[in-house]
Amino acid sequence: MAEIRVEALKKNFGEFTAVKDSNFTVADGEFFVMLGPSGCGKTTTLRMIAGLELPTSGRIFLGGEDVTFNRASHRDIAFVFQLFALYPHMNVRKNMGFPLVCQGMPRAEIRQRVEETARLLRIDHILDKPVSGLAGGDRQRVALGRAIVRRPMAFMMDEPLGTLDSEFRDLMVRELRELHNSIGATTVYVTHDQLEAMAMADKIAVMNHGVIEQFGHPQEIYDRPATMFVADFIGSPPMNFLTVAGGLAPGARDVGLKEARIEVPELREAAPAETLMLGLRPEHIRLDDAGPLRGEVFGTEYLGTTQIVTLNVDDTQLKARLAADVRLREGETVGLSLDTARLSLFDAASGRALASARDDAVHAPRTGTGG
Amino acid sequence: MSTTTAHSVVAPGRRTRFVAGLLVVIYALVTMVPLAWIFLTGFKTPPDSISYPPKVVFEPSLEGYVNLFTTRSRQTPEYMESLPPPQTWYEELVRSRHMVIAGPSKFGERFLNSVIIGFGSTFLSVFLGTLAAYAFSRFKVPLADDLLFFILSTRMMPPIAVAIPIFLMYRTVGLSDTHLGMIILYTAVNVSLSVWLLKGFVDEIPREYEEAALIDGYTRLQAFVKVVLPQMATGIAATAIFCLIFAWNEYAFALLLTSGTAQTAPPFIPTIIGEGGLDWPAIGAGVTLFLLPVLVFTILLRKHLLRGITFGAVRK
């Protein structure tokens, strides 16, 4: 069990910069998820922590020890690969015992440890089967078993649920989190799936183009996205943006739309830029005939418990999450009000979120961003 | 589109299958008939083997095989009378032709040379090829593409084009007519094939397997031996068969560079002379026996070979 600290980590592949100056700390026993679209540098960061890639510059500490240039085999880390990397020429038992054989552990002890781990993962009945015939979920469990059997300092997982079908994935998300709760090992988990990240993580780092856009608790990332990228990437459907007039002073309490003024949480910094973006989540929009906004219904998507209604407001399309029993006709004009206490403002040019009264209550470190 | 007949889009129809089957049978006949003729010739008597019209039905005889393994000399009837009765069936066979066995022929020796040189060079080609293929596939080798092209380019000219330089080189360094010389030569020719074939196989093995082993504490070499090599078995088997077939059948260099101690079977077999010309039954017998090792080797590795040559065609 150990803390993982990454300082000014950078990785270039020739001309291409995969990771730009990353800094973050994963506390001992934390489940840390790196989330981002493909090619954002999350897997490269993970592989550098594991020792499968060497960084161009920067340092990596594992349990306080500088391991930046240690071989992978000298880091005491276990890695679960996306395609599981189960050795096809060995059965389940041999696969799981493989890391222990390397340590020169006596056979009887390996047997005992493997069986113990298999019981924990409920795969003790398939120990003597070849891995090639296993179902996706069982392969996943064997891969996990091979990782935890060694009791390493930390786990690295590279999209381990990516190849499972959605039914298994939900199950494995729960199992993984339960497993983490019971063994409490520091875990770094890479995924592009926000639902996985939200469901499992203690902390999330959202990455884009090699930069950590935001580092924080799942709620923090969802409620107060630090950048427009994060706001757009997290949430389904993503956050809506309305263009509003800028040139605001600290203390401003409302912003101007074309025909209305919208209350916002009190601004804590000046916003000299000409245009700002008002960010609102689909669930922050309510039907309200007395509301300040007017929108024309463009279409609806029925989801069972809720429906997603697309509305044309001020030449912009907004997606609102409304109760499923509301009947709306296409082309109908409706009045809208917003959950003003939960709105965010972004600088349209830089994409950065502006500090507001909503940030007053925050004590957790807000970003781990660099670069 | 017809509404009355439902047929699969991917499975071939009856007529296609019939035509395909017919083509395979014709091809098999064309390639098998010479082999069958050689096999039959091995069991003919010398007069039967050269009779015209050719005999398809004949009384089988082991004379070809006896002649293949022995040298014989013709004796006068008086001398034959004076000999004690023959001890074995093959002595009896030889005496019925008014000859006695003078000693063993060189076929056994030549056959053994073929085994040593063929399998030796196959082993070396596959061994070197495996290591090179792994390095080219996994490491950042400077100028890797150029090196691979260079390796392949050694096969772009007919090998016999360099026969004279090699002949002179071998004579100078004393490799002429040695087992080592022939092994080096065949390895040099085969290694390009083996590097290219095996690189394809290594490329197909996900790096994650080794990375998993590296993280579990194994060294690169251990990871290679324990994780990569077992999964390359198919590729290695297929490559070994191709290398062996080349080294086993090679004729031109063997004829040119070997004459005595290291002569392989291919240049030896056609030179088997009987009374009044080539001893066709003995040659047929020699070719039949010579085919056996490659046949057995191929049958043993057949399963791998089939998977090997279609490897990579379909991604899982």
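Residues numbered from 1 in each chain as written. Chains lettered and ligands numbered in written order. Predicted model: local features only at pLDDT ≥ 70, side-chain atom pairs only at ≥ 80, totals over all residues.

1. What about the overall build of chain B?
Turning to step 1, where the next piece is worked out: Tallying secondary structure elements over chain B gives 15 helices and four strands in all.
Turning to step 2, where the next piece is worked out: Overall size of chain B, expressed as C-alpha extent along the three principal axes, is 85 × 75 × 40 Å.
Turning to step 3, where the next piece is worked out: Counting the 316 residues in chain B, one finds 30% classified as buried. (Helix = DSSP H or I, 4+ residues; strand = E, 2+ residues; numbered from the N terminus. Buried ≥ 20, exposed ≤ 12 C-beta atoms within 10 Å, placed from the backbone.)

2. Things to note about the packing of helix H1 (residues 14-41) of chain B against helix H14 (residues 280-300) of chain B
All names here are of chain B.
Turning to step 1, where the next piece is worked out: Direction vectors running N to C along H1 and H14 enclose 120 degrees, while the axes themselves pass 7 Å from each other. On the basis of the axis angle, H1 is oblique to H14. In the packing of H1 onto H14, the handedness of the crossing is left-handed. Note on element contacts: H14 touches H1 through Trp280, Pro281, Gly284, Val287 and Thr288, opposite Ile38, Phe39 and Thr41.
Turning to step 2, where the next piece is worked out: Its residues assigned to classes, the contact of H1 with H14 comprises five nonpolar, three polar and no charged. (Axes fitted to C-alpha atoms, helices over the stretch in contact; angles between N-to-C directions. Parallel < 35°, antiparallel > 145°, perpendicular 65-115°, else oblique. Left-handed = near helix turned anticlockwise from the far one by under 90°. Contact = placed C-beta atoms within 7 Å. Nonpolar A, V, L, I, M, F, W, Y, C, P; charged D, E, K, R; others polar.)

3. Things to note about the domain arrangement of chain A
Turning to step 1, where the next piece is worked out: Under the domain assignment, chain A is made up of domain 1 (4-223) and domain 2 (237-302 + 340-362).
Turning to step 2, where the next piece is worked out: On a C-alpha basis, the centroid separation for the pair domain 1 of chain A and domain 2 of chain A is 38 Å. (Domains from an automatic or database assignment.)

4. Overview of the packing of helix H2 (residues 92-102) of chain A against helix H4 (residues 136-148) of chain A
Residue and element names in this part refer to chain A.
Turning to step 1, where the next piece is worked out: Put simply, H2 and H4 touch, their axes get as near as 7 Å, and they point 30 degrees apart. Between H2 and H4, the angle falls in the class roughly parallel. The chirality of how H2 crosses H4 is right-handed. Residue-level inspection shows Val92, Asn95, Met96, Phe98 and Pro99 of H2 in contact with H4, the latter providing Val142, Gly145 and Arg146.
Turning to step 2, where the next piece is worked out: In terms of residue class, the contact of H2 with H4 is built from five nonpolar, two polar and one charged.

5. Digging into the sheet that holds strand S10 (residues 211-216) of chain A
Through backbone hydrogen bonds, the strands of a sheet pair up, either in parallel or in antiparallel fashion.
Residue and element names in this part refer to chain A.
Turning to step 1, where the next piece is worked out: Strand order in this open sheet of six strands is S6-S7-S8-S3-S9-S10, and the pairing throughout is mixed. With one partner strand each, in any of the chains shown, strand S6 (77-80) and S10 form the two edges of the open sheet. Neighbour-to-neighbour, the strand axes of the sheet open up by a mean angle of 15 degrees, direction not taken into account.
Turning to step 2, where the next piece is worked out: The pairing of strand S3 (residues 31-35) with strand S8 (residues 186-191) spans five bridges and is classified as parallel. (Pairing = 2+ DSSP bridges.)

6. Examining the pairing of strand S7 (residues 154-158) of chain A
All names here are of chain A.
Turning to step 1, where the next piece is worked out: Taken across its five residues, S7 has five buried, putting it largely inside the fold.
Turning to step 2, where the next piece is worked out: The side-chain alternation of S7 yields two buried faces, one formed by Ala154, Met156 and Asp158 and the other by Phe155 and Met157.
Turning to step 3, where the next piece is worked out: Here four bridges tie S6 to S7, and the two strands are oriented parallel to one another. Paired with Val80 across the strands is Met157, a residue of S7.
Turning to step 4, where the next piece is worked out: Sheet analysis places S7 next to S8, joined by five bridges and oriented parallel.

7. Observations concerning the interface of chain B and chain A
Turning to step 1, where the next piece is worked out: Taken together, the contact pairs 14 residues of chain B with 17 residues of chain A.
Turning to step 2, where the next piece is worked out: Every element with two or more residues in the side of chain B that touches chain A is listed here: helix H10 (208-215) and helix H11 (220-249) of chain B.
Turning to step 3, where the next piece is worked out: In terms of residue count, H10(B) provides more of the side of chain B that touches chain A than any other element does, six residues in total.
Turning to step 4, where the next piece is worked out: Class assignment for the residues of the side of chain B that touches chain A results in eight nonpolar, three polar and three charged.

8. Re the confidence of the model for chain A
Residues and elements named next belong to chain A.
Turning to step 1, where the next piece is worked out: Per-residue confidence for chain A gives a mean pLDDT of 89, with 97% of residues at or over 70.
Turning to step 2, where the next piece is worked out: Averaged pLDDT values for the elements of chain A fall to 86 in strand S13 (residues 261-263) and rise to 95 in S3.
Turning to step 3, where the next piece is worked out: Across residues 363-371 the pLDDT falls below 50, and counting only partners more than four positions away or on other chains, this stretch makes 24 contacts in the model. (pLDDT = per-residue confidence, 0-100.)

9. Overview of the nonpolar core
Turning to step 1, where the next piece is worked out: Judged by nonpolar contacts, the single largest core of 140 residues is most densely connected at Val33(A), Phe79(A), Ala154(A), Met156(A) and Val188(A).
Turning to step 2, where the next piece is worked out: The element that contributes the greatest number of residues to this core is H11(B), accounting for twelve residues.
Turning to step 3, where the next piece is worked out: When residues are assigned to domains, this core turns out to be shared by domain 1 (4-223) and domain 2 (237-302 + 340-362) of chain A, each giving three or more.
Turning to step 4, where the next piece is worked out: The residues contacting Ala154(A), other than those within four sequence positions of it, are Ala2(A), Ile4(A), Leu62(A), Ile77(A), Ala185(A), Thr186(A), Thr187(A) and Val188(A).
Turning to step 5, where the next piece is worked out: Of all hydrophobic cores here, the second largest spans 13 residues; its members include Leu68(B), Val94(B), Phe268(B) and Ala285(B). (Core = buried A, V, L, I, M, F, W, Y, C linked by C-beta atoms within 7 Å.)

10. Here's the deal with the confidence of the model for chain B
Residue and element names in this part refer to chain B.
Turning to step 1, where the next piece is worked out: Of all residues in chain B, 93% have pLDDT values of 70 or greater, and the mean over the chain is 88.
Turning to step 2, where the next piece is worked out: Between the elements of chain B, mean pLDDT differs from a low of 68, seen in helix H15 (residues 302-309), to a high of 95, seen in helix H6 (residues 107-138).
Turning to step 3, where the next piece is worked out: Ignoring residues within four places in sequence, the model shows residues 312-316, a span with pLDDT below 50, making two contacts including any to other chains.
Turning to step 4, where the next piece is worked out: Across the predicted assembly, pTM comes out at 0.78 and ipTM at 0.79.

11. Side note on the sheet that holds strand S4 (residues 57-62) of chain A
All names here are of chain A.
Turning to step 1, where the next piece is worked out: Here four strands make up an open sheet; going across it, the order is S2-S1-S4-S5 and the pairing antiparallel. Edge positions in the sheet fall to strand S2 (16-26) and strand S5 (65-66), since each of these pairs with one other strand and no more.
Turning to step 2, where the next piece is worked out: Across two bridges, the pairing between S4 and S5 is antiparallel. Counterpart to Leu62 in the pairing with S5 is Glu65.
Turning to step 3, where the next piece is worked out: Relative to the sheet, helix H1 (residues 42-50) contacts strand S1 (4-13), S2 and S4, its axis offset from that of S1 by approximately 120 degrees.

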